[in-house]
Amino acid sequence: QRPTGNAFVDSMLPYAKAWQQKTGIPAEVFIAMGASETNWGKAGSIFGIKGSGTAGSQTYDTWEMVNGQRVKQKADFAVYSNPNDAFEHFVGLISSGRYKGAWDAFQADKDVAKFLAGINAAGYATNPTWHNDIISIANRIGGGEDLSAYGGDPIKPGQEPGGVGARIDEPIAEALQKAAFAE
């Protein structure tokens, strides 16, 4: 694999590929989730999980959707001793409890879009379009778009996914064969 030009993507890629092998979740989906939840690595809680991780917790500014409105707030997010710990915690979370139905369906049908919509509906994110945002970012990553210009989250508040370079209708499995993810 060649570098993408984006430090966050390049640092996460080995972990994402390893966890893809374990779970079937495409590497670019893991990276897209991390990019979205950390503003491309600017915050330390890779998957935006509230609570405590292997290195404790850190308070970050964030926003949640409350009654259809974006509300700024502070919250304690899990931080980890290493990225692998974050992936392990994330997979443990989304494969149990209120997310188990979406996880079990994904294990049966491997439909990533349906899986993301399922965990979104179960409360993983308060933004009702979070799952579409993740697909858009994943398609940019998997499609080989030059990511070096992204200093921050490419999905702006209120922006619908599907901007330049986003191919929501392109199966993520096809995107995996392109660019930095081709082996």
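Data block above holds the structure.
All of the points below concern the structure found in this document. Please read these numbers as outputs of a predicted model, since none were measured by experiment.

### Focus on the overall build of the protein
Helices and strands together make up the secondary structure of the protein, namely 7 helices and 2 strands. Within the protein, buried positions represent 43% of all 183 residues. Long-range contacts, defined here as pairs at least 24 residues apart, represent 60% of the contacts in the protein between residues at least 6 apart. Entry remark: accessible area of the protein is about 8700 Å², with carbon and sulfur atoms responsible for 51%.

### Some words on the packing of helix α4 (residues 100-109) against helix α5 (residues 112-121)
Two elements in contact, α4 and α5, have axes whose closest approach is 9 Å; the angle formed by their N-to-C orientations is 175 degrees. By the criterion of interaxial angle, the relationship of α4 to α5 is roughly antiparallel. Contacts between α4 and α5 involve Ala-102, Trp-103, Ala-105, Phe-106 and Asp-109 from the first element and Val-112, Lys-114, Phe-115, Gly-118 and Ile-119 from the second. Across the contact of α4 with α5, the residue classes tally to 7 nonpolar, 1 polar and 2 charged.

### What about helix α1 (residues 7-23)?
If you check α1, its first and last C-alpha atoms are 24 Å apart, about what 17 residues at 1.5 Å a residue would give, namely 24 Å. Maximum bend of α1: about 45 degrees, positioned at Leu-13, with proline Pro-14 one to four residues after it. Listing the buried residues of α1 in full gives Phe-8, Val-9, Met-12, Leu-13, Ala-16, Lys-17, Trp-19, Gln-20 and Thr-23. As for α1, its buried residues are in contact with α2 (27-38), α3 (83-94), α4 and α6 (130-142).

### What to know about the pattern of salt bridges
One pass over the structure, following the stated rule, counts 4 salt bridges. In this structure, Asp-104 engages Lys-100 in a salt bridge whose closest nitrogen and oxygen atoms are separated by 3.1 Å. With Asp-104 and Lys-100 both in helix α4, this residue pair falls 4 residues apart, about one helical turn. A relative accessible area of 37% places Asp-104 in the partly exposed class. Looking at Lys-100, the relative accessible area reads 39%, which means it is partly exposed. Between Asp-109 and Lys-114 there is a salt bridge whose closest N-O contact spans 2.5 Å.

The rules behind each value
Residues numbered from 1 in each chain as written. Predicted model: local features only at pLDDT ≥ 70, side-chain atom pairs only at ≥ 80, totals over all residues. Heavy atoms only, no water. Helix = DSSP H or I, 4+ residues; strand = E, 2+ residues; numbered from the N terminus. Buried < 20%, exposed > 50% of the residue type's maximum accessible area, 1.4 Å probe, protein only. Contact = heavy atoms within 4.5 Å. Areas by Shrake-Rupley, 256 points an atom, 1.4 Å probe, with all protein chains shown as cover. Axes fitted to C-alpha atoms, helices over the stretch in contact; angles between N-to-C directions. Parallel < 35°, antiparallel > 145°, perpendicular 65-115°, else oblique. Nonpolar A, V, L, I, M, F, W, Y, C, P; charged D, E, K, R; others polar. Expected span 1.5 Å × (residues − 1). Bend = angle between axes of the 7 residues up to and from the residue. Salt bridge = Lys/Arg side-chain N within 4 Å of Asp/Glu carboxyl O.

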